[in-house]
Amino acid sequence: MATKRAQKMEETRAKLIRAAREAFASKGYAAASMDELTAEAGLTRGALYHNFGGKQGLMQAVVDQIDQEMVERVLVAQARAASRWEGLLEEGVAYIEMALEPEVQRIMLLDGPAVLGDPSQWPNQNACLLRTTQTIQALIDEGTVKAVDAEAAARLINGAALNAALWIAAADEPRAVLPKAVEAFRQLATGLLQTEG
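Residues numbered from 1 in each chain as written. Predicted model: local features only at pLDDT ≥ 70, side-chain atom pairs only at ≥ 80, totals over all residues. Heavy atoms only, no water.

1. Focus on the packing of aromatic side chains
Okay, so step 1: All chains considered together, the criterion is met by one aromatic pair.
Okay, so step 2: Look at Phe24 and Tyr29: their rings are 5.3 Å apart centre to centre, the planes differ by 50 degrees, and that puts the pair in the tilted class. Of the two residues, Phe24 and Tyr29, both sit in the buried class.
Okay, so step 3: One Lys or Arg, Lys55, reaches over the ring of Tyr29 and ends 4.6 Å from the middle of that ring. (Phe/Tyr/Trp six-rings, centres within 6.5 Å; stacked < 30°, edge-to-face > 60°. Buried < 20%, exposed > 50% of the residue type's maximum accessible area, 1.4 Å probe, protein only. Lys NZ or Arg CZ within 6 Å of the ring centre and 35° of its normal.)

2. Focus on the packing of helix H5 (residues 84-97) against helix H8 (residues 150-170)
Okay, so step 1: Relative orientation of the contacting elements H5 and H8 amounts to 20 degrees, with a least axis distance of 8 Å. Compared by their axis directions, H5 and H8 come out roughly parallel. Pair H5 / H8 crosses with right-handed handedness. In this structure, H5 uses Gly92, Tyr95 and Ile96 to contact H8, whose residues at the interface are Ala161, Leu162, Ala164, Ala165 and Ile168. (Axes fitted to C-alpha atoms, helices over the stretch in contact; angles between N-to-C directions. Helix = DSSP H or I, 4+ residues; strand = E, 2+ residues; numbered from the N terminus. Parallel < 35°, antiparallel > 145°, perpendicular 65-115°, else oblique. Left-handed = near helix turned anticlockwise from the far one by under 90°. Contact = heavy atoms within 4.5 Å.)

3. Digging into helix H1 (residues 2-27)
Okay, so step 1: Spanning 26 residues, H1 covers 37 Å between terminal C-alpha atoms, matching the ideal 38 Å at 1.5 Å per step.
Okay, so step 2: Restricting attention to buried positions, one finds in H1 the residues Thr12, Leu16, Ile17, Ala19, Ala20, Arg21, Ala23 and Phe24.
Okay, so step 3: In the stretch just after H1, Gly28 is the one whose phi turns positive, near 90 degrees. (Expected span 1.5 Å × (residues − 1).)

4. Let's talk about the UniProt feature "domain: HTH tetR-type" (unreviewed entry) in the chain
Okay, so step 1: Residues given the UniProt feature "domain: HTH tetR-type" (unreviewed entry) here are residues 10-70.
Okay, so step 2: For residues 10-70, the end-to-end C-alpha separation is 22 Å, with 80% helix and 0% strand making up the annotated structure. (UniProt positions renumbered as here; feature names shortened; annotations may be inferred.)

5. Here we look at the pattern of salt bridges
Okay, so step 1: All told, the structure shown has ten salt bridges when counted by the stated rule.
Okay, so step 2: Between Glu36 and Lys27 there is a salt bridge; the shortest N-O distance is 2.8 Å.
Okay, so step 3: For Glu36, a relative accessible area of 47% gives the class partly exposed.
Okay, so step 4: Among the ionic pairs, Glu151 bridges to Arg155, the shortest N-O distance being 2.9 Å. In this pair, Glu151 and Arg155 are both assigned in helix H8, four residues apart and thus about one turn of the helix distant.
Okay, so step 5: By relative accessible area, Glu151 is classed as partly exposed at 38%. (Salt bridge = Lys/Arg side-chain N within 4 Å of Asp/Glu carboxyl O.)

6. Details of empty space enclosed by the protein
Okay, so step 1: Enumeration according to the criterion identifies one cavity of 30 Å³ or more in this entry.
Okay, so step 2: Lining the largest cavity are Asp67, Met70, Tyr95, Met108, Leu109, Pro119, Trp122, Gln125 and Leu162.
Okay, so step 3: When residues of the lining of the largest cavity are traced back to their parent elements, those giving at least two are helix H4 (55-80) and helix H6 (102-116).
Okay, so step 4: Counted by class, the lining of the largest cavity contains seven nonpolar, one polar and one charged residues. (1 Å grid on protein atoms, 1.4 Å probe; cavity = no way out; pocket = protein on both sides within 12 Å on 5 of 7 lines; lining within 4 Å. Points joined across faces, edges and corners; volume = space filled by probe spheres on them. Nonpolar A, V, L, I, M, F, W, Y, C, P; charged D, E, K, R; others polar.)

7. Notes on the environment of Ile96
Okay, so step 1: Tracing the backbone shows Ile96 in helix H5.
Okay, so step 2: According to the relative accessible area criterion, Ile96 is buried, its value standing at 0%.
Okay, so step 3: Placed 36 residues apart in sequence, Ile96 and Gln60 show a C-alpha to C-alpha distance of 21 Å.
Okay, so step 4: Here Ile96 is in contact with Ala161, Ala164, Ala165, Ile168, Leu178, Ala181, Val182 and Phe185, once residues within four sequence places are set aside.

Below, the structure written as structure tokens:
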């Protein structure tokens, strides 16, 4: 019985998250009505409060889900690269490019920070920072990157990618900003490379 109840709860959460993703992406967080959202999911406001504590808790769950999908996508971009260095660059570029996607743009880069605060402080950013730090340390160890503090470099690389994505999301012409942001990101990152001689 407990397993069936847990399964039902998980189904309810999934319905609410799916309806919220659609509403937040199309209307924005502020304009998304909790009554419409719960009706769309075939549930009550009570279910929303019980599972998420309110609209902000539901936003956090949506952000967490999209963030996990984004992580999976940047890891694919990293894995396809010819070298660890290229993988680091491709991971950052893939993240920046996702800023053109309406759902990522609206939920993760515009409404998410307004509702949940500074994205660099979101709990899920710690894993990303750790992974980037480890990659940079490996690049230092192999002599590809200059001997700098790996965490400091990781924070700056991740911050550059995040700020580029935020710039694109807020721009009047996001597609025009993208190539400029990607080029500047690549140029900044290459400053870490070990020079010959």
